[in-house]
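Examining the three-dimensional arrangement
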Amino acid sequence: GIRQRSEAARLEAMDRARSDARARASACFEDLISFLELHGLSGAYALVLSANGVEDLSMLLTLKTSSLDNIISACDLDATDELLLRDALRRARPADDDSP
């Protein structure tokens, strides 16, 4: 009856919300992959960055230097790739108040 229809509508709304959230997360992840690839890095590093707390490109670009250093260290990047990433971020990031 009414209770079953209400439950079905609730479940459908939850499914839609989950699907929308996945689509937004995917778009953010694609931006991060594109940024990495644009700068000669493997898009697979997006997974490594994500596993170390970077949720999307805007977060990566706005991290304070100390936080960024900790994340890059935790990612254990190849030395050449680390230099490429740091150079790309240096050019793309806004000025950082706590830079040396």
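Note that the coordinates shown come from a computational prediction; the quantities given were computed from them, not determined experimentally.

Quick look at the overall build of the protein
Summing up its helical and strand segments, the protein has 5 helices and 0 strands in all. Walking the protein from its N terminus toward its C terminus, one meets helices and strands in the order α-α-α-α-α. A buried classification covers 27% of the 100 residues belonging to the protein. Within the protein, residue pairs in contact and separated by at least 24 positions form 57% of the contacts whose partners lie at least 6 positions apart. Working note: accessible area of the protein is about 6800 Å², and carbon and sulfur atoms make up 54% of it.

A few points about helix α4 (residues 65-75)
Residues of α4 that are buried: Thr65, Leu68, Ile71, Ile72 and Cys75. Along the axis of α4, the buried residues cluster in a sector spanning 125°; they form a single face. The exposed residues of α4 that point more than 90 degrees off its buried face are Asn70 and Ser73. Those residues of α4 hidden inside the fold are in contact with α2 (45-51), α3 (57-62) and α5 (79-92). Aspartate 76 sits one or two residues past α4 and shows a positive phi near 50°.

Focus: α5
Here α5 contains 14 residues, and its C-alpha end-to-end distance of 20 Å stays within 8% of the 20 Å for a straight helix at 1.5 Å per residue. All of the buried residues along α5 are Asp81, Leu85, Ala88 and Leu89. With its buried residues spanning 95° around the axis, α5 presents them on a single face. Those residues of α5 that are exposed and aimed more than 90 degrees away from the buried face are Ala79, Thr80, Leu83, Arg90 and Arg91.

Some remarks on the environment of asparagine 52
Along the chain, the position of asparagine 52 falls in the loop between α2 and α3. Between the C-alpha atoms of asparagine 52 and cysteine 75, which are 23 residues apart in sequence, the distance is 6.9 Å. When near neighbours in sequence (up to four residues on either side) are disregarded, asparagine 52 contacts Ile71, Ala74 and Cys75. Engagement of the side chain of asparagine 52 in a polar contact is seen with the backbone oxygen of valine 48, the distance being 2.8 Å.

Rules and cut-offs
- Residues numbered from 1 in each chain as written.
- Predicted model: local features only at pLDDT ≥ 70, side-chain atom pairs only at ≥ 80, totals over all residues.
- Heavy atoms only, no water.
- Helix = DSSP H or I, 4+ residues; strand = E, 2+ residues; numbered from the N terminus.
- Buried < 20%, exposed > 50% of the residue type's maximum accessible area, 1.4 Å probe, protein only.
- Contact = heavy atoms within 4.5 Å.
- Areas by Shrake-Rupley, 256 points an atom, 1.4 Å probe, with all protein chains shown as cover.
- Arc of directions from axis to C-beta.
- Expected span 1.5 Å × (residues − 1).
- Polar contact = N/O pair within 3.5 Å; in protein donor to acceptor, adjacent residues only side chain to side chain.

Take it as geometry only, folks, not as evidence of what the structure does.
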